Amino acid sequence: DTAVSQTPKYLVTQMGNDKSIKCEQNLGHDTMYWYKQDSKKFLKIMFSYNNKELIINETVPNRFSPKSPDKAHLNLHINSLELGDSAVYFCATQKTGTEETQYFGPGTRLLVL
Amino acid sequence: GENVEQHPSTLSVQEGDSAVIKCTYSDSASNYFPWYKQELGKRPQLIIDIRSNVGEKKDQRIAVTLNKTAKHFSLHITETQPEDSAVYFCAVGNDYKLSFGAGTTVTVRA
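For the rest of this paragraph, the subject is the sheet that holds strand E8 (residues 73-78) of chain A. All names here are of chain A. Taken in spatial order, the four strands of this open sheet run E1-E3-E8-E7, and their pairing is antiparallel. Looking at which strands have only one partner, the edges of the open sheet turn out to be strand E1 (4-7) and strand E7 (64-70). Going across the sheet, the axis of each strand differs from the next one's by a mean of 20 degrees, ignoring polarity. With five bridges joining them, E7 and E8 adopt antiparallel strand pairing. From the neighbouring strand, Lys-67 faces E8, where its bridge partner is Asn-75.

What follows is the structure in structure tokens.
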């Protein structure tokens, strides 16, 4: 369970604030992802980094900015939070290769009031 | 981009019966087809996957079949148990990216 970890687990904040979510993995994987799961449970990819380089950037507002300081970490910073940002955010990792399993972190439950 | 459709959205089965979930996809270049199970409040976890060169794969009570020509794949759960109750997601892998179906909420009635 500690292979992919996220902090914080819960985040309750006011509209307009700026917040960050952190992800760390000890699997030695080269590729990391951020997903958003909305209230209808739909899992949508937001970003992907491979060896600290951005390789996937879906249609996400530019208030969301990922940062990968090293291969084991991928953080997500969100500016000017909006009500619609309320969701569960999952980090995931994958060994390099297109036919490899993705392992998910425990999720960060973000509630914007 | 890849379009993944998953059916049904909800499935209620009697304990001991079988459950089948089907997914279709659009991009014939897709080559990896995992299934994830997500229990309430938990992370999605891989339960079985199939690569494009295999038509069927089984792991105890769970099996997946793939038809690349028709671009569809299915999850079969036999002898369902209460602990099988969860949301199940199919996904399609192509070039580092997984595209997920909308999920199927499976309820196993005791």
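Further remarks concern the pattern of salt bridges. This model, assessed by the stated rule, comprises nine salt bridges over all chains. Notably, a salt bridge pairs Glu-82 of chain A with Arg-63 of chain A, separated by 3.5 Å at the nearest N-O pair. Residue Glu-82 of chain A is located in the loop between E8 and strand E9 (87-94), and its partner Arg-63 of chain A is located in the loop between strand E6 (53-57) and E7; the two are separated by 19 residues in the primary sequence. Taking relative accessible area as the criterion, Glu-82 of chain A reaches 41% and is therefore assigned partly exposed. The class of Arg-63 of chain A is buried, set by a relative accessible area of 14%. The closest approach of N and O atoms between Lys-57 of chain B and Asp-49 of chain B, which form a salt bridge, is 3.0 Å. Each of Lys-44 and Glu-58 of chain A together with Lys-97 of chain B takes part in a single network of salt bridges with overlapping partners.

All names here are of chain B. As a volume, the largest pocket reaches approximately 250 Å³. Among the elements of the structure, strand E4 (32-38) and strand E5 (45-51) are those that each provide at least two residues to the lining of the largest pocket. With three residues, E5 is the single largest residue contributor to the lining of the largest pocket. Each residue belonging to the lining of the largest pocket can be placed in one class, and the counts come to four nonpolar, three polar and seven charged.

Residues and elements named next belong to chain A. Throughout the structure, instances matching the rule amount to one cavity of 30 Å³ or more. Here the largest cavity is characterised by a volume of approximately 30 Å³. Lining the largest cavity we find Asp-30, Met-32, Tyr-49, Asn-51, Lys-52, Ser-68, Lys-71 and His-73. Looking at the lining of the largest cavity residue by residue, the classes come out as two nonpolar, three polar and three charged.

Glancing now at the pairing of strand E5 (residues 43-50) of chain A. Residues and elements named next belong to chain A. Taking burial as the measure, the eight residues of E5 include seven buried ones, the bulk of the element. One ladder, built from seven bridges, connects strand E4 (residues 31-37) with E5; its direction is antiparallel. Following the sheet pairing, Tyr-33 is matched in E5 by Ser-48. From the end of E4 to the start of E5, which pair antiparallel, there are five residues, and Lys-41 there has a positive phi angle of about 75 degrees. The turn linking E5 back onto E6 is made up of two residues, and Asn-51 within it adopts a positive phi angle of 50 degrees.

Cut-offs and rules
- Residues numbered from 1 in each chain as written.
- Chains lettered and ligands numbered in written order.
- Predicted model: local features only at pLDDT ≥ 70, side-chain atom pairs only at ≥ 80, totals over all residues.
- Heavy atoms only, no water.
- Pairing = 2+ DSSP bridges.
- Helix = DSSP H or I, 4+ residues; strand = E, 2+ residues; numbered from the N terminus.
- Axes fitted to C-alpha atoms, helices over the stretch in contact; angles between N-to-C directions.
- Salt bridge = Lys/Arg side-chain N within 4 Å of Asp/Glu carboxyl O.
- Buried < 20%, exposed > 50% of the residue type's maximum accessible area, 1.4 Å probe, protein only.
- 1 Å grid on protein atoms, 1.4 Å probe; cavity = no way out; pocket = protein on both sides within 12 Å on 5 of 7 lines; lining within 4 Å.
- Points joined across faces, edges and corners; volume = space filled by probe spheres on them.
- Nonpolar A, V, L, I, M, F, W, Y, C, P; charged D, E, K, R; others polar.

Any functional reading would require information that these geometric values do not contain.
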